[in-house]
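Coordinate analysis (summary)
The residues making up each chain are set out below.
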Amino acid sequence: MKLFLKILLIIALVPQIALAFDFKEGGLCYNINDDGKTVTLTYERLILFAYDAPAPTEKGYIGNIEIPSVVYHEGKAYKVTAVDRSTFMGNSELVSVIIPSSVTSVGTEAFSQCHRLKWVSLPQSLTEISSYAFAESSLNNIVIPNVKSIGERAFYNTPLKTVVIPPTVKTIDKSAFSACRWLEELTLGKGVESIGEAAFSICTNLKEITFPTSLQEIGTNAFFECGVIKSVTIPASVTRIGTGAFSYCDSLSVIEVDKKNEANDSRNKCNAIIEKATSTLVAGCISTKIPKSVTSIGDQAFAGCRGLKEITIPSSVTTIGDQAFFYCKNLSSVNLPNSVTSIGNRAFCGCDSLETVIIPNSVKYIGPSAFLHNDHISAVTIGSGVTMIAEWAFKGLD
């Protein structure tokens, strides 16, 4: 009986496998859309893989492919209007693809993990670059058409060297160009309004950024670990800057905010970004001089600023945020004034060059792992006002 049921199950599945696509012409597979007049290019067999895992070995579509704008099947003409999600995903011998102007949609992961893919011609008829569209492919050249948005991880970990964002793009989504380590030149179109979380993080060879006057938001860790960038100018239009937007930018030494910006400033030429409403320093660099009007050092404000050797914190500051000086490896001197009441989680974690720490009497709270892995600290003085020392606050000290 069990064997009979297994046979029935296999028989039931076979038609589903056979009907993964409606027809095949010229070596390409298509599904007929609901209108009966147009078709979507699709895969013959889905190649599955995991991101950041070894590349698939199955071939799928190979070589240089030109998708036709019209395909004929059984005497009927069909207009090709879409490329299905995952159509070329993991195709190990795909080199180039030309997509016709009849196509208005390219699905999620369409070209992801194509490790020999060098070039794709995208038509102006597209309205967006879908999420993961080219993630972890070998794409090294792309002309982005006049789309409105670029999806999450669309070009994640690709060897692009130059990227030009057209003026039609309003949104660059989360991690869209993250880990593009070969990216050297970036042109942001004059219509960009939002740069998402980690959008250009780990672009370790990106030399400079010029923000358009349309920009309103720079997301959390947007330019994390862009270690070659030396200067940043924030335009008047920017109203929100996420946590750690420029963290681990080792070479950053000049930060300016347009004087007409109503939300942020770089008062007194301090080489930092200060949120006006809260007087919080949200982003600093190796040459920052903290103004006396600042009341808080924000989360990740100096995180990974490995060229920072010393910093003077004025007596106006009452709180030091989470990971504020995280892994500032060369920070050898920091003055904590008798106004600070709270030191955040991992605030000075990994500051290997610190030798002496004096916690003033004003401090009430020392957060988890606040001074974790500071191997060279030989003396710690804790003030009388401390009421809470969280776990691992000083763990790993010699």
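As shown above, the structure is provided for reference.
Figured I'd write up the structure that's included with this text. (Residues numbered from 1 in each chain as written. Predicted model: local features only at pLDDT ≥ 70, side-chain atom pairs only at ≥ 80, totals over all residues. Heavy atoms only, no water.)

**Brief notes about the overall build of the chain**
Short version of the rule: Numbered from the N terminus, helices here are DSSP runs of H or I no shorter than four residues, and strands are runs of E no shorter than two. Summary of the burial criterion: residues with accessible area below 20% of their type's maximum are buried, those above 50% are exposed, and those between are partly exposed, where the area comes from a 1.4 Å probe applied to protein chains only. The contact definition used throughout considers only heavy atoms, calling two residues in contact when any of these lie within 4.5 Å. Per-residue and other accessible areas were derived by the Shrake-Rupley procedure at a 1.4 Å probe size, with only the shown protein chains allowed to occlude residues.
For the chain, the helix and strand inventory stands at one helix and 31 strands. Dimensions of the chain, computed from the C-alpha atoms along their principal axes, are close to 85 × 60 × 30 Å. Here the chain holds 398 residues, and the buried ones make up 51% of them. Contacts in the chain between residues far apart in sequence, at least 24 positions, make up 29% of those at least 6 positions apart. Accessible surface, the chain: about 18,600 Å² in total, of which carbon and sulfur atoms supply 51%.

**What to know about the side chain of asparagine 374**
Formally: Each polar contact in these results corresponds to two N or O atoms within 3.5 Å; when the atoms are within protein, one needs to be able to donate a hydrogen and the other to accept it, and residues that are neighboring in sequence are counted only if both atoms are side-chain atoms.
Relative to the helices and strands, asparagine 374 resides in the loop between strand 29 (365-366) and strand 30 (379-382). Residue class for asparagine 374 comes out buried when judged on its relative accessible area of 0%. For asparagine 374, the side chain forms a polar contact with the main-chain nitrogen of cysteine 351, separated by 2.7 Å. In contact with asparagine 374, other than residues within four places in its own chain, are Phe348, Cys349, Gly350, Cys351, Asp352, Leu354 and Leu397.

**Focus: the nonpolar core**
Worth spelling out the cut-off: Take the buried Ala, Val, Leu, Ile, Met, Phe, Trp, Tyr and Cys residues and link them wherever side-chain atoms come within 4.5 Å; each set so joined is a nonpolar core.
Counting 76 residues, the largest nonpolar core has Phe177 and Phe246 as its most contacted members. Going through the elements one at a time, strand 2 (28-32), strand 3 (38-42), strand 6 (76-83), strand 7 (94-98), strand 17 (231-234), strand 19 (254-257) and strand 22 (280-283) are the ones with two or more residues in this core. Excluding residues that lie within four positions of it along the chain, phenylalanine 246 makes contacts with Ile209, Phe211, Ile218, Phe223, Val232, Ile234, Leu252, Ile273 and Ala283. Among the nonpolar cores identified, the runner-up in size contains 36 residues, and Cys305, Ile343, Ile377 and Phe394 belong to it.

**Brief notes about the environment of isoleucine 144**
Tracing the chain through its elements places isoleucine 144 in the loop between strand 10 (128-129) and strand 11 (149-150). Along the sequence, isoleucine 144 and leucine 122 sit 22 residues apart, while their C-alpha atoms lie 7.0 Å from each other.

**With respect to the sheet that holds strand 31 (residues 388-389)**
Stated precisely, the cut-off is as follows: Strand pairing is assigned whenever DSSP detects at least two bridges linking the two strands.
Reading across from one edge, 20-21-22-23-25-27-29-31 is the order of the eight strands in this open sheet, with mixed pairing throughout. Of all strands in the sheet, those with a lone pairing partner are strand 20 (264-265) and strand 31, marking the two edges.

**Overview of the packing of aromatic side chains**
Convention followed: Aromatic contacts are taken between Phe, Tyr and Trp rings whose centres are within 6.5 Å, Trp giving its six-membered ring; a plane angle under 30 degrees counts as stacked, one over 60 as edge-to-face, and the others as tilted. Whether a charge lies above a ring is judged from NZ of Lys or CZ of Arg, which has to be within 6 Å of the ring centre and within 35 degrees of the ring normal.
Considering all chains together, one arrives at 18 aromatic pairs under this definition. The interplanar angle of 5° and the centroid separation of 5.0 Å between the aromatic rings of phenylalanine 302 and phenylalanine 325 together place this pair among those described as stacked. Residue phenylalanine 302 is found in the loop between strand 23 (296-297) and strand 24 (310-312), and its partner phenylalanine 325 is found in the loop between strand 25 (319-320) and strand 26 (333-335); the two are separated by 23 residues along the sequence. Here phenylalanine 302 falls in the buried class, since its relative accessible area comes to 1%. Taking the relative accessible area as the measure of exposure, phenylalanine 325 reaches 0% and is therefore buried. With 5.0 Å between their ring centres and 5° between their planes, phenylalanine 325 and phenylalanine 348 make a pair best called stacked. Of this pair, phenylalanine 325 sits in the loop between strand 25 and strand 26 while phenylalanine 348 sits in the loop between strand 27 (342-343) and strand 28 (356-359); the two residues are 23 residues apart in sequence, bridging distant segments of the chain. An aromatic cluster of three or more residues is present, and its members are Tyr61, Phe88, Phe111, Phe134, Phe155, Phe177, Phe200, Phe211, Phe223 and Phe246. Note that arginine 153 overlies the ring of tyrosine 156, its terminal NZ or CZ placed 4.2 Å from the centroid. The side chain of lysine 395 reaches across the aromatic face of tryptophan 392, ending 5.1 Å from its centre.

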